[in-house]
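# Commentary on secondary and tertiary structure
What follows is the residue order along each chain.
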Amino acid sequence: MGIPIDPRPAWFAGRVFLAVLLLLVGTGLAGAETPDELLRRADQVRTADNAQFQAILRQLDAQADRLTPLQHDWLDYFEGWQSGLLGDFPAAANALTAVLNRTHDPTLRARARISLINDQFNASQYEAAYANLGVLLDSLPQVQDRNAHFLALTVAADLYNQ
């Protein structure tokens with residue numbers, strides 16, 4: 001007579017393998033960020049880690065066909081912001097103006113106008129920057145986002161101190 005083989009260790013090993021496989025697949029799916037999460041993260045890292053910011057923009061560009069119109073507008077805003085950061089003020093102005101012309105979101109409008117004002121000032125277009133500052137300050141009652149409101153007042157203070 002031979003030694004009986006207990007089938008339970010194989011059964012247990014199979015269940016452990018299945019659990020690990022499900023955990024790995026679940027983690028991979030959970031790691032896939034939604035466009036809103038990517039946009040939020042892009043906003044958080046754009047000044048601290050520009051390489052990561054650009055990588056996030058590439059991810060969003062790859063998902064462009066699944067973005068809502070507002071998400072597209074935020075992506076276009078970030079791309080305009082990046083152009084300004086790189087010193088390509090005409091491209092930045094074109095992108096930011098396009099966002100301003102089509103979006104109705106008060107926060108995004110304020111953020112785009114703030115970036116446009118900064119780019120106009122850096123390009124020595126002072127009259128345009130001050131004209132946009134007036135429009136920005138007039139729009140502040142509609143801006144509910146506290147950070148955008150703070151940034152608007154900061155850009156106003158910066159411009160008036162120059």
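The following refers to the structure shown. Just so you know, these numbers come straight off a predicted model, no measurement behind them.

Conventions and cut-offs
Residues numbered from 1 in each chain as written. Predicted model: local features only at pLDDT ≥ 70, side-chain atom pairs only at ≥ 80, totals over all residues. Heavy atoms only, no water. Salt bridge = Lys/Arg side-chain N within 4 Å of Asp/Glu carboxyl O. Buried < 20%, exposed > 50% of the residue type's maximum accessible area, 1.4 Å probe, protein only. Helix = DSSP H or I, 4+ residues; strand = E, 2+ residues; numbered from the N terminus. Axes fitted to C-alpha atoms, helices over the stretch in contact; angles between N-to-C directions. Left-handed = near helix turned anticlockwise from the far one by under 90°. Contact = heavy atoms within 4.5 Å. Nonpolar A, V, L, I, M, F, W, Y, C, P; charged D, E, K, R; others polar. Expected span 1.5 Å × (residues − 1).

What follows deals with the pattern of salt bridges. A side chain with one charge may pair with a side chain of the opposite charge, provided their charged atoms come close. Under the counting rule described, the total for this entry stands at five salt bridges. A salt bridge links Arg 41 to Glu 33; the nearest nitrogen and oxygen atoms lie 2.4 Å apart. On the basis of relative accessibility, which here comes to 22%, the residue Arg 41 falls in the partly exposed class. Accessibility expressed as a relative area gives 28% for Glu 33, which makes it partly exposed. Asp 43 is the partner of Arg 111 in a salt bridge, and the nearest nitrogen-oxygen pair spans 2.4 Å. With Arg 111 in helix α6 (residues 106-122) and Asp 43 in helix α2 (residues 35-45), this residue pair connects regions lying 68 residues apart in the sequence. Via salt bridges that share partners, Asp 43, Arg 46 and Arg 111 belong to a single interconnected network.

For the rest of this paragraph, the subject is the packing of helix α7 (residues 126-139) against helix α8 (residues 146-160). Two numbers describe how α7 lies on α8: the axes approach to 11 Å, and their chain directions differ by 145°. Considering how the two elements wind past one another, α7 and α8 form a crossing that is left-handed. Contacts between α7 and α8 involve Ala 129, Tyr 130, Leu 133, Leu 136 and Leu 137 from the first element and Ala 152, Val 155, Ala 156, Leu 159 and Tyr 160 from the second. Each residue belonging to the contact of α7 with α8 can be placed in one class, and the counts come to 10 nonpolar, no polar and no charged.

With 17 residues, α6 should reach 24 Å at 1.5 Å per residue; the first-to-last C-alpha distance of 24 Å fits that figure. The buried fraction of α6 amounts to 13 of the 17 residues, a majority that puts the element mostly inside the structure. Looking at the residues trailing α6, positive phi occurs at Ser 124, about 60°.

What follows covers the environment of Val 135. Considering the arrangement of structural elements, one finds Val 135 in helix α7. Overall, the relative accessible area of 39% leaves Val 135 in the partly exposed class. When the C-alpha positions of Val 135 and Arg 113 are compared, they lie 8.6 Å apart, and in sequence the two are 22 residues distant.

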